[in-house]
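Summary of the model geometry
Chain by chain, the residues:
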Amino acid sequence: MPGLGWDAAAEQRFDVNLSILFTELPLLERPAAAAAAGFTAVELWWPWIDSPTPERSELDALRKAIEDAGVRLTGLNFYAGQLPGPDRGALSVPGEESERFRANVEVAAEFAGSLGCGALNALYGNSVDGVDPAEQDALALENLVLAARAADGIGAILLIEALNKPESPLYPLVSAPAAVGVVDKVNAATGLDNARFLMDLYHLSMNGEDLPAVIERYTAKTGHVQIADNPGRGAPGTGSLPLEDLLGRLRKAGYDGWVGLEYKPGDRPSAEAFDWLPR
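The following refers to the structure shown. (Residues numbered from 1 in each chain as written. Predicted model: local features only at pLDDT ≥ 70, side-chain atom pairs only at ≥ 80, totals over all residues. Heavy atoms only, no water.)

A look at the sheet that holds strand β3 (residues 72–77)
Our working definition: Pairing between two strands is assigned when DSSP locates at least 2 bridges connecting them. A run of H or I in DSSP becomes a helix once it reaches four residues, and a run of E becomes a strand once it reaches two; helices and strands are each numbered from the N terminus. Between the N-to-C directions of two axes lies an angle of 0 to 180 degrees, each axis being a line fitted to C-alpha atoms and, for a helix, fitted only over the stretch in contact. Two residues qualify as a contact provided that any one of their heavy atoms is within 4.5 Å of a heavy atom in the partner residue.
Here we have 8 strands rolled up into a closed barrel, ordered β1-β2-β3-β4-β5-β6-β7-β8, and parallel in their pairing. Geometrically, the sheet is characterised by an average inter-axis angle of 30 degrees between neighbouring strands, direction not taken into account. Relative to strand β6 (residues 195–200), strand β5 (residues 157–161) runs parallel, the two being bridged by 4 bridges. Looking across to β6, one finds that Glu 161 is bridged to Leu 198. Where helix α7 (residues 211–218) meets the sheet, its contacts fall on β6 and β7 (222–227), and the angle it forms with β6 comes to roughly 160 degrees.

This is the structure:
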């Protein structure tokens with residue numbers, strides 16, 4: 001790894017997020033591009049931002065692209081509104097957006113299950129002006145229970161993610177304790193114990209959290225990890241986050257799952273944004 005000396009990274013399982021990397025290509029070409037770059041697994045935000053229930057032909061085409069590329073789908077977001085864009089999820093937003101989330105739950109779970117995907121990420125949604133936060137939290141719990149049950153139906157976990165306040169000022173879960181608190185509430189409500197924390201080291205660092213302390217405290221409740229460097233949300237080595245050290249701490253704390261690469265490639269093709277990886 002040029003300039004980084006990431007000897008330990010060879011022990012890590014990395015998957016590539018096709019909603020932030022390889023976006024210069026059409027969606028159906030991205031799985032093959034990830035495979036050509038050496039990856040065996042991919043993850044995705046919900047790809048149809050305007051439709052929680054796309055045509056069967058669209059779902060089938062993406063499924064075939066993933067299967068034909070020979071990569072595994074390790075994570076999928078439920079419908080989350082305009083993402084990328086102004087939205088940060090739909091499940092806590094009363095009215096049409098909540099209904100769209102509910103319509104998507106079984107569709108997303110069925111698609112994920114057909115590809116052996118073991119993790120579904122449910123973004124909480126922004127606070128809405130004029131709506132009592134307690135009302136949004138109650139709606140969120142109701143919808144997260146539905147999502148947890150759907151995930152359980154395909155043998156998957158439900159992920160709940162903390163974002164960062166500077167970039168997502170209306171998102172209520174902007175700390176590890178806030179997101180883990182929701183994880184605990186969902187597990188208590190369902191009795192399924194399949195809700196887990198999505199630990200995104202970029203978002204947590206943007207919030208100024210003590211990352212070694214977060215890892216020590218919450219790894220046991222963590223179902224997935226995502227990384228990008230900070231500042232800039234670029235590849236490891238483009239910022240100042242000690243990602244090698246942090247991933248080493250995660251391993252020592254018992255995390256042996258996938259690490260999602262959810263960073264921007266910068267002003268170069270995505271295929272050139274992996275020079276930090278051991279080969």
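Still more to cover.
Focus: the packing of helix α4 (residues 133–153) against helix α5 (residues 176–190)
Test applied: Each angle receives one of four descriptions, namely roughly parallel if under 35 degrees, roughly antiparallel if over 145, roughly perpendicular if within 65 to 115, and oblique otherwise. In a left-handed crossing the near helix is turned counterclockwise from the far helix by less than a right angle, and in a right-handed crossing that turn is clockwise. Charged residues are taken to be Asp, Glu, Lys and Arg, nonpolar residues to be Ala, Val, Leu, Ile, Met, Phe, Trp, Tyr, Cys and Pro, and polar residues to be all remaining types, Gly included.
Relative orientation of the contacting elements α4 and α5 amounts to 65 degrees, with a least axis distance of 10 Å. In terms of axis orientation, α4 runs roughly perpendicular to α5. Relative to α5, α4 is oriented so that their crossing is right-handed. Between α4, through Leu 141, Leu 144, Val 145 and Ala 148, and α5, the contact on the second element is made entirely by Val 182, Lys 185, Val 186, Ala 189 and Thr 190. Residue classes in the contact of α4 with α5 are distributed as 7 nonpolar, 1 polar and 1 charged.

Re unusual backbone geometry
As a reminder of what qualifies: When a residue's accessible area, from a 1.4 Å probe over protein chains only, is under 20% of the maximum for its type it is buried; when over 50% it is exposed; and in between it is partly exposed.
In this structure, the amide linkage connecting Leu 83 to the following residue, Pro 84, adopts the cis form with an omega of 5 degrees. The residue Pro 84 is located in the loop between β3 and α3 (96–114) in this model. Here the residue pair Asn 230 and Pro 231 is connected by a cis peptide bond, since its omega of 5 degrees sits within 30 degrees of zero. Residue position: Pro 231 is located in the loop between β7 and α8 (243–252). The phi dihedral of Phe 22 is positive, around 65 degrees, even though this residue is not glycine. Topologically, Phe 22 is positioned in the loop between β1 (13–17) and α1 (30–36). The backbone of Arg 233 sits at a positive phi, close to 55 degrees, despite the residue not being glycine. Given a relative accessible area of 12%, Arg 233 falls into the buried group.

Looking at the side chain of Thr 74
Short version of the rule: Polar contacts, as counted here, are pairs of nitrogen or oxygen atoms within 3.5 Å of one another; within protein the pair requires one atom able to donate a hydrogen and one able to accept it, and residues that are adjacent in sequence qualify only if both atoms are side-chain atoms.
For Thr 74, the location among the structural elements is in strand β3. Assessed through its relative accessible area of 9%, Thr 74 is described here as buried. Looking at Thr 74, its side chain comes within polar contact range of the side chain of Asp 15, at 3.4 Å. If near-sequence neighbours (up to four positions away) are discounted, Thr 74 is found in contact with Asp 15, Ala 41, Val 42, Glu 43, Cys 117, Gly 118, Ala 119 and Trp 258.

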